[in-house]
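A look at the structure
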Amino acid sequence: MSTQSIALAHHKDYRGSKFGIWLFLITEVILFGGMFLLYSVYRSEHAQDFHHAAGELNTLVGTINTLILLLSSLTMALSIAATHHGNRKLALWMIALTILCACGFMVNKYFEWGAKIHHGIYPGSPKLAAFPKGEILFFGLYFTMTGVHGIHVLVGIVLLTTMFIRVMNQPNAKLSFVAGHGLQRVEGGRLAVLDKDGNTVWRGEEIDSTIERIDVKTKYWPVKERFRVEDFNLLENSGLYWHIVDIIWIFLFPLFYLIT
Amino acid sequence: MSHDAGHHHDEVQHGPAGYGTYFLTWFTLVFLTAITVTAAGLHLGAISVIVALVIAMIKATIVLFLFMHLKYEDRLFHRLLLIVIAAMTIFIGLTFTDTLFR
């Protein structure tokens, strides 16, 4: 009996998928770029009003949220590094911490917005309508930009939770032999499961011409020595998304909280 | 991974950076946040917004190149970034040539 090993590697276009996510990130930059453009034009026209209105925002809450997002960026990067080291447990812990930070950010945002709304400052409120024009613009931009950013954080929470589940079950490799696509390579043979000493643990029926398709599914966790970036490209791409959310906040923070 | 990605397919690939690099990156970002908050408290007047934006750009660059691995990507990705920066500069610059001289 001769055995023939066939690599359980699916071809995945790793670079292509990464390029795809970068293209998407660029559309995100353009989306927020439009709002930053509005901000800068209105700010140049109403510098004093922006100055006053920014004084209403809580710098401490803004700083805490900045630190939370920076920490989440660290844990995100560490989770990907952990998969490279074959440390699944650490990878999962780091993804969980990232999700926790994202939730913490949203809780802060909830209290921050809640306090503003409690004071009668919200889009279209009678109190806000009596403010100078520039301050109305400032708060309009504040609610729109931090709001759209907050939606991105919520999407990030959903995305990272999905990644947590994927990494927990991951990676599942599937190898298919279909008639006309590699099935002839195994015809006349049998599928078998061998232990590490080469003893047959399980042996299937002989593969003859009546068989049209064979699917082999395996579940494995890569170790450091046999790591393939393709196995974790979705986690890596989610990480890229999460980092861009952080970058957007890096610009939002000084422009709204620090210009008092 | 720095050249054509196709070359190294079956080789063992390790992460572009170790845990230590990321901790250092994070520490730098926290440090820069402390600087930007302190600088805002100094009431530097007209240049305060420039200081804040320059620090934000440095922070964004650090995140892009280290956390997002742009440092280890090939030219295609770097060009993509340049195109975006150029596009945003043109959008904002051209708008101001309008609004400032009305």
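Report follows, based on the coordinates. (Residues numbered from 1 in each chain as written. Chains lettered and ligands numbered in written order. Predicted model: local features only at pLDDT ≥ 70, side-chain atom pairs only at ≥ 80, totals over all residues. Heavy atoms only, no water.)

**Points about the side chain of A:Thr75**
All names here are of chain A. Going by this rule: Think of it this way: any DSSP run of H or I at least four residues long counts as a helix, any run of E at least two long counts as a strand, and we number them from the N terminus. For each residue, the accessible area found with a 1.4 Å probe, counting protein chains only, is set against the maximum for its type, and the residue is called buried under 20%, exposed over 50%, and partly exposed in between. We define a polar contact as two N or O atoms separated by no more than 3.5 Å, with the added condition that, inside protein, one atom must be a possible hydrogen donor and the other a possible acceptor, whereas residues neighbouring each other in sequence contribute only through side-chain atom pairs. Contact criterion: two residues are considered in contact whenever any of their non-hydrogen atoms come within 4.5 Å of each other.
If you trace the backbone, Thr75 turns up in helix 3 (residues 59-84). With a relative accessible area of 5%, Thr75 lands in the buried category. A polar contact of 2.9 Å, which involves the side chain of Thr75, links it to the backbone oxygen of Ser72. Residues within four places of Thr75 in sequence aside, it is in contact with Met94, Leu97 and Thr98.

**Thoughts on the packing of aromatic side chains**
What counts is decided by this rule: Pairs were defined over the aromatic rings of Phe, Tyr and Trp, the Trp ring being its six-membered one, requiring ring centres within 6.5 Å. Orientation was assigned from the angle between planes: stacked under 30 degrees, edge-to-face over 60, tilted for the rest.
Across all of its chains, the model carries 19 aromatic pairs over all chains by this definition. Judged by centre distance (5.0 Å) and plane angle (70 degrees), the rings of A:Tyr142 and A:Phe143 are edge-to-face. On the accessibility criterion, A:Tyr142 (0% relative accessible area) is buried. Judged by its relative accessible area of 6%, A:Phe143 falls in the buried class. Geometrically, the ring pair formed by B:Tyr22 and B:Phe67 is tilted, given 6.0 Å between the ring centres and 35 degrees between the ring planes. With B:Tyr22 in helix 1 (residues 19-41) and B:Phe67 in helix 2 (residues 48-67), this pair connects stretches of sequence that are 45 residues apart. The pair B:Tyr22 / B:Phe67 is uniform in exposure class, with both members buried. An aromatic cluster is present here, built from A:Tyr39, A:Phe50, A:Trp113, A:Phe131, A:Phe138, A:Phe139, A:Tyr142, A:Phe143 and A:Phe256 joined pairwise through their rings.

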